[in-house]
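Structural description and commentary
Listed below are the residues making up each chain.
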Amino acid sequence: MAFQVGLLGLGTVGTGTMQILLDPDQRHPLLRELEVYRVGVRSLDKPRSVDLPPEKFTTDLESIVTDPAVDVVIEVIGGLEPARSLILQAIAHGKHVVTANKAVIARYGDEIFTAANAAGVYVLLEAAVAGGIPVIEPLKQSLGVNRIQAVTGIVNGTTNYILTRMQREGGDFAEILADAQRLGYAEADPTADVDGLDAGDKIAILASLAFNGRINLEKVHREGIRSVSAADITYAERLGFVIKLLAIARRLEGVAADGQPQLEVRVHPTLVPTTHPLASVSDVYNAILIEGDPIGQVMFFGPGAGAGPTASAVVSDVLNIAAILKVGREAATSDETRKHLPLDPLLACSHQHYCAIAPMEDLVTRFYARFLTHDQPGVIGKLGTCFGDRGVSLESIVQTGLRDSLAEIVVVTHDVREGNFRQALDDIRAMGAVESIPSVLRVL
Ligand code: HSE
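Just so it is clear, the structure is predicted and the values come from calculations on it, not from any experiment.

1. Considerations on the overall build of the chain
When its secondary structure is counted, the chain shows 14 helices and 18 strands. In terms of overall dimensions, the chain is globule-like: its C-alpha atoms have a radius of gyration of 25 Å, near the 22 Å expected for 444 residues. Expressed as lengths along the three principal axes of its C-alpha atoms, the size of the chain is roughly 85 × 50 × 35 Å. Counting every position in the chain, which comprises 444 residues, the buried fraction comes to 53%. Nonlocal contacts in the chain, meaning residues at least 24 apart in sequence, comprise 73% of its contacts between residues at least 6 apart. Of the roughly 19000 Å² of accessible surface on the chain, a fraction of 50% belongs to carbon and sulfur atoms. A gap of 0 Å separates the mean positions of the 39 positive and 54 negative side-chain charges of the chain.

Written as structure tokens, this is what we have:
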């Protein structure tokens, strides 16, 4: 018995999804049992590159998610609405859902998974994080027994492309962004990517799976790459680092007042030692390093976006659901049990509580800071005193030359509490000898 699939959206990912569904040759044989029941599109007039009879298309997306014949709904329209409402409607009508929508899951995961568990359906989202890279399923299943300590990722291809080009060409952010937009690597409105919001959604989802709790997106620190300059990239390189937009979720020692594990969950440009496995992940590629006990370190690398890679994740999720349904339906003894199959606990969402997320001022990390100062005696001494007074220990301090007749001083600290480091910067600003602090970046 075939599985009826309703597809919402025929943009880049939707088209890639159709191409796999319509071309099952030499792929898993179960793919042949997936039937495209209907495709929801915005306009029926647009020419389509997929080979489907016209009656399969509809602009009435609601008719797909409510149709009793549909088993699985694929949501690849993106954006918050109507995607969220359609997902919820599909669930309410007993459909399993496969989505690539990180924005909806990161914001409304609570509502969606509560509804899905109540309805006894799956909501799978491999494509929502890092496109074609399998990372959701490994966190749920293959790494399921590990006590995860940290998930550290380059999960936004656009910013990785921009930073890689800034590094190779020595260009500044604005000019490389404009060129990336011209070449189609960055959106006309690049906000979600360059301001760290897209990566924030993704790390919230990864953290939720890695640490078995829900994540309040508001508490995820999200900082983008607009302030990264060519000068910082050059200094970083001299000091043995590359600058990457990292998304980090880490378990802290001890527990919060409510007994839940405490996490730090953050996105920001970071100086990564050139010897670190993430340092060599360049261009539009994504990678996610997972550290756990007893696995140690495992890194997933690959294409984080694009029609084919994202569709690979989407259709594999559909295949997973079809496999479970097939076994369950064949084993079921009545129509009733066939309709209400128990959920596989490794694939369904199994947590309700929210994780405690520590404030950024309590983060302990190394910092890189660049100062422009008047070239006069005692400035470095005064900087050192301000840091020392706040308990900030310096790993290195270099004055490399003059920029616009001001001395440029670059400091890298040892591990320090962010709150103490920020207080020292306030003291330095108040001291007067420093003209400006053009950049402050965290170091991995
Ligand atoms: N805009 C995302 C990126 C791709 O640049 O990685 C989709 O998640």
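2. Remarks on the pattern of salt bridges
Throughout the structure, instances matching the rule amount to 29 salt bridges. Across the salt bridge formed by Lys 202 and Asp 198, the nearest N and O atoms sit 2.6 Å from each other. Here Asp 198 and Lys 202 lie together in helix H9 (residues 197–210), a separation of four residues that amounts to about one turn. Take Lys 202: its relative accessible area is 6%, and that puts it in the buried class. Exposure remark for Asp 198: the relative accessible area of 9% places this residue in the buried category. As a salt-bridge pair, Arg 422 and Glu 418 come within 2.9 Å of each other at their nearest N and O atoms. In this pair, Arg 422 and Glu 418 are both assigned in helix H14 (residues 418–431), four residues apart and thus about one turn of the helix distant. You can call Arg 422 partly exposed: its relative accessible area is 33%. Glu 418 sits in the buried class, given a relative accessible area of 5%. By sharing partners, the salt bridges in this structure join Arg 165, Glu 169, Asp 179 and Arg 182 into a single network.

3. Some words on the pairing of strand E14 (residues 364–373)
Of all 10 residues that make up E14, nine are buried, and the element is covered over most of its length. One ladder, built from two bridges, connects E14 with strand E17 (residues 416–417); its direction is antiparallel. By the bridge assignment for E17, Thr 365 is matched with Val 416. By the bridge criterion, seven bridges tie E14 to strand E18 (residues 434–443) in an arrangement that is antiparallel. Opposite Tyr 368, over in E18, you have Leu 441 as the bridge partner. As paired elements, E14 and strand E16 (residues 406–413) share six bridges and run antiparallel to each other. Pairing of Ala 369 across the sheet is with Val 411, part of E16.

4. Considerations on the domain arrangement of the chain
If you check the domain split of the chain, you get domain 1 (3–131 + 307–339), domain 2 (136–303) and domain 3 (363–443). Look at where the C-alpha atoms of domain 1 and domain 2 centre, and you get two points 28 Å apart. Every contact between the two is made by 16 residues of domain 1 and, on the other side, 15 residues of domain 2. Summing both sides of the interface, domain 1 and domain 2 together bury roughly 1300 Å²; the carbon and sulfur share of this comes to 63%. Remark: the boundary between domain 1 and domain 2 carries three salt bridges.

5. Things to note about the sheet that holds strand E2 (residues 34–40)
Read from one edge of the open sheet, six strands run E3-E2-E1-E4-E5-E6, paired in parallel fashion. Edge positions in the open sheet fall to strand E3 (57–58) and strand E6 (123–124), since each of these has one partner strand only. Of the strand pairs in this sheet, E2 and E3 are connected by two bridges, and their pairing is parallel. Counterpart to Val 39 in the pairing with E3 is Phe 57. Packed on one face of the sheet, helix H1 (residues 12–21) meets strand E1 (3–8), E2 and strand E4 (72–75) and runs near 155° to E2. Set on the sheet, helix H3 (residues 83–92) makes contact with E1, E4, strand E5 (96–99) and E6; between it and E5 the angle comes to about 155°.

6. Description of the packing of H1 against helix H11 (residues 307–331)
Where H1 meets H11, the closest approach of the two axes is 8 Å, and the angle between their N-to-C directions is 65°. Relative to H11, the crossing made by H1 is right-handed. Between H1 and H11, the contacting residues are Thr 12, Val 13, Gly 16, Thr 17, Ile 20 and Leu 21 on the first element and Ala 307, Thr 310, Ala 311, Ser 312, Val 314 and Val 315 on the second. Its residues placed into classes, the contact of H1 with H11 shows seven nonpolar, five polar and no charged.

About the cut-offs
Residues numbered from 1 in each chain as written. Predicted model: local features only at pLDDT ≥ 70, side-chain atom pairs only at ≥ 80, totals over all residues. Heavy atoms only, no water. Helix = DSSP H or I, 4+ residues; strand = E, 2+ residues; numbered from the N terminus. Rg over C-alpha atoms; globule rule 2.2 N^0.38 Å. Buried < 20%, exposed > 50% of the residue type's maximum accessible area, 1.4 Å probe, protein only. Contact = heavy atoms within 4.5 Å. Areas by Shrake-Rupley, 256 points an atom, 1.4 Å probe, with all protein chains shown as cover. Lys, Arg positive; Asp, Glu negative; His and termini not counted. Charge placed at Lys NZ, Arg CZ, Asp CG, Glu CD. Salt bridge = Lys/Arg side-chain N within 4 Å of Asp/Glu carboxyl O. Pairing = 2+ DSSP bridges. Domains from an automatic or database assignment. Buried area = accessible area lost by both parts, 1.4 Å probe. Axes fitted to C-alpha atoms, helices over the stretch in contact; angles between N-to-C directions. Left-handed = near helix turned anticlockwise from the far one by under 90°. Nonpolar A, V, L, I, M, F, W, Y, C, P; charged D, E, K, R; others polar.

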